[in-house]
Every structure is written in structure tokens, then in C-alpha cells.
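Here are the chains, one letter per residue:
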Amino acid sequence: MNRELLEKPFDPSQIKQRKGSFGDVLDYIEGASVIQRLNEAFNGDWMFEVLDHHVYDDEVVVLGKLTAAQISKCQFGKSKITRATKDNSIISLGDDLKAAATDSLKKCATLFGVGLHLYFDPPKNGSQPAAAPRSPGNGGSNDPSTDGRLTAKQLSAIFSIAKSKNWSNKDVREFTQEMFGKLPDFLSRKEASAVITHLSGGQTHD
Amino acid sequence: MIEERTTPKSWASMLRISKSHIQTYLICPRKFYFQYVIGAEMEFIPPSMVFGGVLHEAVAFFYRAFQQHGQRPELSDVIAEFRACWEKETTGRQIGFTESTGKGNFEGLGMALLKAFYEGVRPRSVEAVEYPFCVPIYEPDSGGKLDFSLVGVIDLIESDDEGNLIISELKTASKRMADSQGENQLDGLVYAYALDELGFRTTDSRTLIRYDVLVKTKAVGFQQVYFNKEPGDYRRLGRWIKDVLEAINRAAFYPNFGWACKQCPFRKACWSL
């Protein structure tokens, strides 16, 4: 498996941004770019299946499976149901399911390493895995105006979501240390966004 | 009695800075990085850190008993509290004792210091013991509120017969505190600012700080030194905090090689970088 190619950071022009649930900005990659990367890495020899799907009141959820080089990775994908402003009727459930399937494919691809760098630092000079503690900086590399230390709102959101999942403060500390090699108060904005996203969609911590 | 308005437990979800944060950063930014940013495990626990903590516990016990019963507890009870805490804190932990500074040496020193404290201290009315605070910090130029809160715990707040408040901070030192040294201590400045923000002062604008210094000289001693803090000092503190926060936010974690390296619990990790 060509991990180098799979994990290769995307070109900044391929990285799009959207607003997160907590007033923060999240980076994402479009489905087409992920498919292109899978094609390059596996020479087109990969398969994606929808194993299950559910339609709830406000969103659709799809369980997908991505298989390549005899290895399979499963992940959920979701999409909000789009409704008409006029009468609140569903516009196209099919389109919503397609969006959820694409989301599932992207999540499965992340398990192969595609776009993983987005969870870490901004890809200014290529990817930099952040799970291990990095060397302390000298103050010149971190521009707070673009991705400085997390905001008070983000920190509050992290602990609020963690509490709702029965995580203790210690659990949160251990989690951010494992994920980014830092204690929660010193995450960058992007790292905090990744933690919030993970906590929002993750499993309960029993 | 001053009512508590915050608890240290509630601070985890806030952007905050404390006296310890500032002090650690000023001593060595890289130590700050190891201790607070990545939460690295200490290579050993500095005995002086445990010793200072246990002395604080024993003195807090003294003041709580005084507050509750209106009279001093027996010296033997204070020492018993110290010994029990010392035993608890040093058992099963990897503390960096040496031959010359062993567990027993510290225990003997602690008892002697507490005796000096007991004989020297004249407590007034105790308003609060180990009082936690969480107050806003302001941008020194624009006056705008920063995202960060200043948090900490004040050792003791006393009041005189007229109800005027005095902040007291316990310190251990290897020599007597000089006036110039006391004037520049961060502790008192931070605590006076916090109390001022909470609406408490000694006079209309000033707050009186008393350092109770346990002096670890051959013949141990107890010294009390007073200083006043006022709004001009708080402005200076505001700028100080802002500068430190900006440096931290820019990840300026350079090492400050010097006297503190010898006892630094991150020395191996730092020197191997």
C-alpha cells in the first residue's frame, strides 16, 4: 500500500472551508479530490459499498465500506435533509443519501490516511504528524491571527461536549495529549476544531 | 468571612493564566512548555515543591482551626498535621531526595520552621483560608476584556479591628526577604489585583500584602514583610500578563539555561532536544 501517496497533504487549492457548529472554521476536502487520490494510490482498484442506511427526521445516515488492497475500512457518513423553505417539504432524499454516502467514503478514506493532515497543523510546508509531542517553538512560526491558540468558546465547547459524554477532565486531558501531544488549553484553533468534531461524532467514553 | 465565588474545578474549561503559569514562563519558557503545554511527566518530583506544599497545608490547618475556634491550635497539633501530610505526600512517589537533603532532613526542617512560625505569628480576624479567585484581565491600552481569566488561590485573607482586609502569602526562602525583593514579588501583586477586581481593598484604592516568610537559614527564622499595591501596579501587571500571553500564543518556548536547570524535573528531556 502506498501510504506516502495516501497521506500526502492536499494542495491548498483543494482544501475548502466551512463554518463549524461552534463558530469555528473547518477545513474539508471535496469528494472528487478524495476519489482522485484513491485512484492514484490504488490505480483505480478500490471498491466502496453502502452496507446500511437510515433516514431520520432531520438527517440521513449511511454506513459505508471502502475496500482496497484486500483491506476494508467502515465508517458512517451523514447529511442533513434538505427541505424547501416554502413548505418544509423534502427536496430530494436521493441527493441527501448521495451526500451521506460521499461523506462516508471520505471518512473511510481518512482511515486509510487520506486527508489526515487536516486534523493536525495547517499544511503550510507539507504534513506534520502531531500525535507525538513536537519540539517547542521559538515564537516565530505561529501566527495567532491565522491559527493561534484556541478560543475561550472552543475550550468551553470541548468540556461541555465531553461532559455530555460522561468524560472527566482527566479523560479530556489524556485525549488531547494522545491526539495532539498537548493539554487542552494549549491546542491551536484547528486542533480544537478537530477535537470538537471528534467529540461531537464519537462514541461515549465508558 | 468572604464568600467563595469560584472553585478550581470549574477552571478547566476556561482560558486562564495563573501566577504559577507566569512565574514558570518567566523562569524558563521551555519548562513552561513541558509542564503546561504538553503535560510531560516529571522525571522526578522536586523535594522543595512537595515540602512547600506540605508547609502550606500545615499553616492552613493552623488558620482554619483559629478561624473555627477563635484560638490557636496547639503547636503539637500543627506539627502532627505537617507530619501526616509529609508522610502521605512522600510515600510511594519518586521524589528527588539526595543524601544531603533526605526525607528526614526536610521533616526536621519543617518542624523547626513551623515552630518559628507559631511563635512569631499574631493572627487577626481570619476572613478566608486558601481563597480561590477567577477574575477578568484587561487589555492594558484599550481596556477591553481579554478572553483569558486570571485564576489562583490566596493563602490567607485577614481583617483588622476595623474590618480592613490584608492579604497574606506564605513563602519559604533560603534567606531573609529584602525590601527590593518583596516589592517585585509577583504573588502579592496578582492577589491584590484579584481582590481589587472582586471589590475588596484595604483602603479606598490600596491593598496591603504581608509576606510571611519561613527562612531556611541555619538558625531558622520567621519574618513578616508588608507592601502596598495600587491601581498603577495593576496596570503594570496587566501589561506583564499580556506580554507573557502573547509570547505563549506565539509558541516562544526557548530554554533559559541557568540556576533553575539543576532542580528542573524536565532537565533530561530538555537537554536531549
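Look up: the structure comes first, before these words.
Definitions and limits used
- Residues numbered from 1 in each chain as written.
- Chains lettered and ligands numbered in written order.
- Predicted model: local features only at pLDDT ≥ 70, side-chain atom pairs only at ≥ 80, totals over all residues.
- Heavy atoms only, no water.
- Helix = DSSP H or I, 4+ residues; strand = E, 2+ residues; numbered from the N terminus.
- Contact = heavy atoms within 4.5 Å.
- Areas by Shrake-Rupley, 256 points an atom, 1.4 Å probe, with all protein chains shown as cover.
- Pairing = 2+ DSSP bridges.
- Axes fitted to C-alpha atoms, helices over the stretch in contact; angles between N-to-C directions.
- Buried < 20%, exposed > 50% of the residue type's maximum accessible area, 1.4 Å probe, protein only.
- Left-handed = near helix turned anticlockwise from the far one by under 90°.
- Nonpolar A, V, L, I, M, F, W, Y, C, P; charged D, E, K, R; others polar.
- Parallel < 35°, antiparallel > 145°, perpendicular 65-115°, else oblique.
- Salt bridge = Lys/Arg side-chain N within 4 Å of Asp/Glu carboxyl O.
- Buried area = accessible area lost by both parts, 1.4 Å probe.
- 1 Å grid on protein atoms, 1.4 Å probe; cavity = no way out; pocket = protein on both sides within 12 Å on 5 of 7 lines; lining within 4 Å.
- Points joined across faces, edges and corners; volume = space filled by probe spheres on them.
- Core = buried A, V, L, I, M, F, W, Y, C linked by side-chain atoms within 4.5 Å.
- Phe/Tyr/Trp six-rings, centres within 6.5 Å; stacked < 30°, edge-to-face > 60°.
- Lys NZ or Arg CZ within 6 Å of the ring centre and 35° of its normal.

Undergrad: I'd like to hear about the overall build of chain A, residue by residue, with values.
TA: Scanning chain A from terminus to terminus reveals 7 helices and 5 strands. Across chain A, contacts joining residues at least 24 apart in sequence account for 56% of those joining residues at least 6 apart. A total of about 11,600 Å² of accessible surface is found on chain A, and carbon and sulfur atoms cover 49% of it.

Undergrad: Which residues make up the sheet that holds strand E3 (residues 46-55) of chain A, and what values go with them?
TA: All names here are of chain A. If you trace the 3 strands from one edge of the open sheet to the other, you get E3-E4-E5, paired in antiparallel fashion. Looking at the sheet topology across the chains shown, the edges are occupied by E3 and strand E5 (71-80). Taking the axes of each pair of neighbouring strands and ignoring which way they run, one obtains an average angle of 20 degrees across the sheet. In the sheet, E3 pairs with strand E4 (residues 59-68) via 9 bridges, with the strands oriented antiparallel. Bridged to Asp52 within E4 is Leu63.

Undergrad: Residue-level account of the pairing of E5 of chain A, with values.
TA: Pairing of E4 of chain A with E5 of chain A, which is carried by 10 bridges, proceeds in the antiparallel orientation. Within E5 of chain A, the residue paired with Val60 of chain A across the bridge is Ser79 of chain A.

Undergrad: Summarise helix H2 (residues 29-37) of chain B; cite the residues concerned and give the values.
TA: Residues and elements named next belong to chain B. Of all the 9 residues making up H2, 7 are buried; the element is thus mostly covered by neighbouring parts of the structure. Every buried residue of H2 is listed here: Pro29, Arg30, Phe32, Tyr33, Phe34, Tyr36 and Val37. For H2, the elements touching its buried residues are helix H1 (19-27), helix H8 (231-249) and helix H9 (267-271).

Undergrad: Quick one: what's the story with the packing of helix H3 (residues 47-69) of chain B against helix H4 (residues 75-90) of chain B, residue by residue and with numbers?
TA: Helix-helix packing is described using two parameters, namely the angle between the two axes and the distance between the axes. Residue and element names in this part refer to chain B. Between H3 and H4, whose axes approach to 9 Å, the crossing angle comes to 145 degrees. In terms of crossing hand, the pair formed by H3 and H4 is right-handed. Here Val50, Phe51, Val54, Leu55, Glu57, Ala58, Phe61 and Phe62 of H3 come into contact with H4, specifically with Asp77, Val78, Glu81, Phe82, Cys85, Trp86, Glu89 and Thr90. Taken together, the residues that form the contact of H3 with H4 break down as 11 nonpolar, 1 polar and 4 charged.

Undergrad: Go over the packing of helix H7 (residues 186-197) of chain B against H8 of chain B, please, and point to the residues and values.
TA: Residue and element names in this part refer to chain B. In the contact formed by H7 and H8, the axes pass within 10 Å of each other and the chain directions differ by 110 degrees. Taken together, H7 and H8 sit at an angle that is classed as roughly perpendicular. Residues Leu186, Leu189, Val190, Ala192, Tyr193 and Asp196 of H7 form the contact with H8, whose own contacting residues are Asp233, Tyr234, Arg236, Leu237 and Trp240. Across the contact of H7 with H8, the residue classes break down as 8 nonpolar, no polar and 3 charged.

Undergrad: Any chance you could break down the pattern of salt bridges for me, citing the residues and the numbers?
TA: Using the criterion set out here, one finds 22 salt bridges over all chains in the structure. Taking the shortest distance from any N to any O, the salt bridge between Asp185 of chain A and Arg16 of chain B comes out at 2.7 Å. Here Asp185 of chain A is found in the loop between helix H6 (169-180) and helix H7 (189-201), whereas its partner Arg16 of chain B is found in strand E1 (residues 16-18) on a different chain. Between Arg210 of chain B and Glu158 of chain B there is a salt bridge, with the nearest N and O atoms lying 2.7 Å from each other. Of this pair, Arg210 of chain B sits in strand E5 (residues 207-215) while Glu158 of chain B sits in strand E3 (residues 145-159), and the two are 52 residues apart along the sequence. For Glu158 of chain B, a relative accessible area of 0% translates into the label buried. What you see here is one network of salt bridges that share partners, running through Lys19, Lys171 and Asp187 of chain B.

Undergrad: Provide a residue-level description of the interface of chain B and chain A, including the pertinent values.
TA: A common way to express how large an interface is: the accessible area buried when the components associate. Facing 25 residues of chain B, the contacting portion of chain A comprises 24 residues. At the boundary of chain B with chain A, total buried surface from both sides reaches about 2,000 Å², with 57% on carbon and sulfur atoms. Remark: the boundary between chain B and chain A carries 1 salt bridge. Going through the elements one at a time, H2, E3 and H8 of chain B are the ones with two or more residues in the side of chain B that touches chain A. Sort the elements by how many residues they give to the side of chain B that touches chain A and H2 of chain B lands first, with 6 residues. Per-class residue counts for the side of chain B that touches chain A are 16 nonpolar, 4 polar and 5 charged.

Undergrad: Now, about empty space enclosed by the protein: what can you tell me, with residues and values included?
TA: All names here are of chain B. In the structure shown here, the tally under the stated rule is 2 cavities of 30 Å³ or more. Estimates place the volume of the largest cavity at around 110 Å³. Cys28, Lys31, Cys261, Cys264 and Cys270 are the residues nearest the centre of the largest cavity, which is lined by 14 residues in total. When contributions to the lining of the largest cavity are tallied by element, the ones reaching two or more residues are H2 and H9. Of the residues contributing to the lining of the largest cavity, the split by class is 10 nonpolar, 1 polar and 3 charged. There is about 100 Å³ of room inside the second largest cavity. Val59, Tyr63, Asp155, Leu156 and Leu170 are the residues nearest the centre of the second largest cavity, which is lined by 13 residues in total. Within the residue set of the lining of the second largest cavity, elements represented by two or more residues are H3, strand E2 (125-138), E3 and strand E4 (165-173).

Undergrad: Quick one: what's the story with the nonpolar core, residue by residue and with numbers?
TA: In this structure, Ile158 of chain A together with Phe133 and Leu150 of chain B are the most contacted members of the largest nonpolar core, which totals 72 residues. Of the residues forming this core, the biggest block, 8 residues, is contributed by H7 of chain B. Not counting the four nearest positions on each side in its chain, Phe133 of chain B is found in contact with Thr6, Trp11, Leu150, Val151, Gly152, Val153, Ile154, Val190, Tyr191, Ala194 and Leu198 of chain B.

Undergrad: I'd like to hear about the packing of aromatic side chains, residue by residue, with values.
TA: For the structure shown, the criterion picks out 25 aromatic pairs over all chains. Ring geometry for Phe82 of chain B against Trp86 of chain B: centres 6.3 Å apart, planes inclined by 10 degrees, an arrangement best described as stacked. Linking Phe82 of chain B with Trp86 of chain B, this pair stays in helix H4, spanning 4 residues, or about one helical turn. A residue is classified by how much of its surface remains accessible, and Phe82 of chain B, at 0% relative accessible area, is buried. Centre to centre, the rings of Phe257 of chain B and Trp271 of chain B are 5.6 Å apart; their planes meet at 80 degrees, and the pair counts as edge-to-face. Within this pair, whereas Phe257 of chain B is found in the loop between H8 and H9, its partner Trp271 of chain B is found in helix H9, the two being separated by 14 residues in sequence. Chaining the aromatic ring pairs together yields one cluster made of Phe186 of chain A together with Tyr25, Phe32, Tyr33, Phe34, Tyr36, Phe253 and Phe266 of chain B. Directly above the ring of Phe10 of chain A sits Arg37 of chain A, whose terminal nitrogen or CZ lies 4.2 Å from the centroid. A cation over an aromatic ring shows up here: Arg267 of chain B above the ring of Trp271 of chain B, its NZ or CZ 4.3 Å from the ring centre.

Scope: geometric values only; no functional claims are made or implied.
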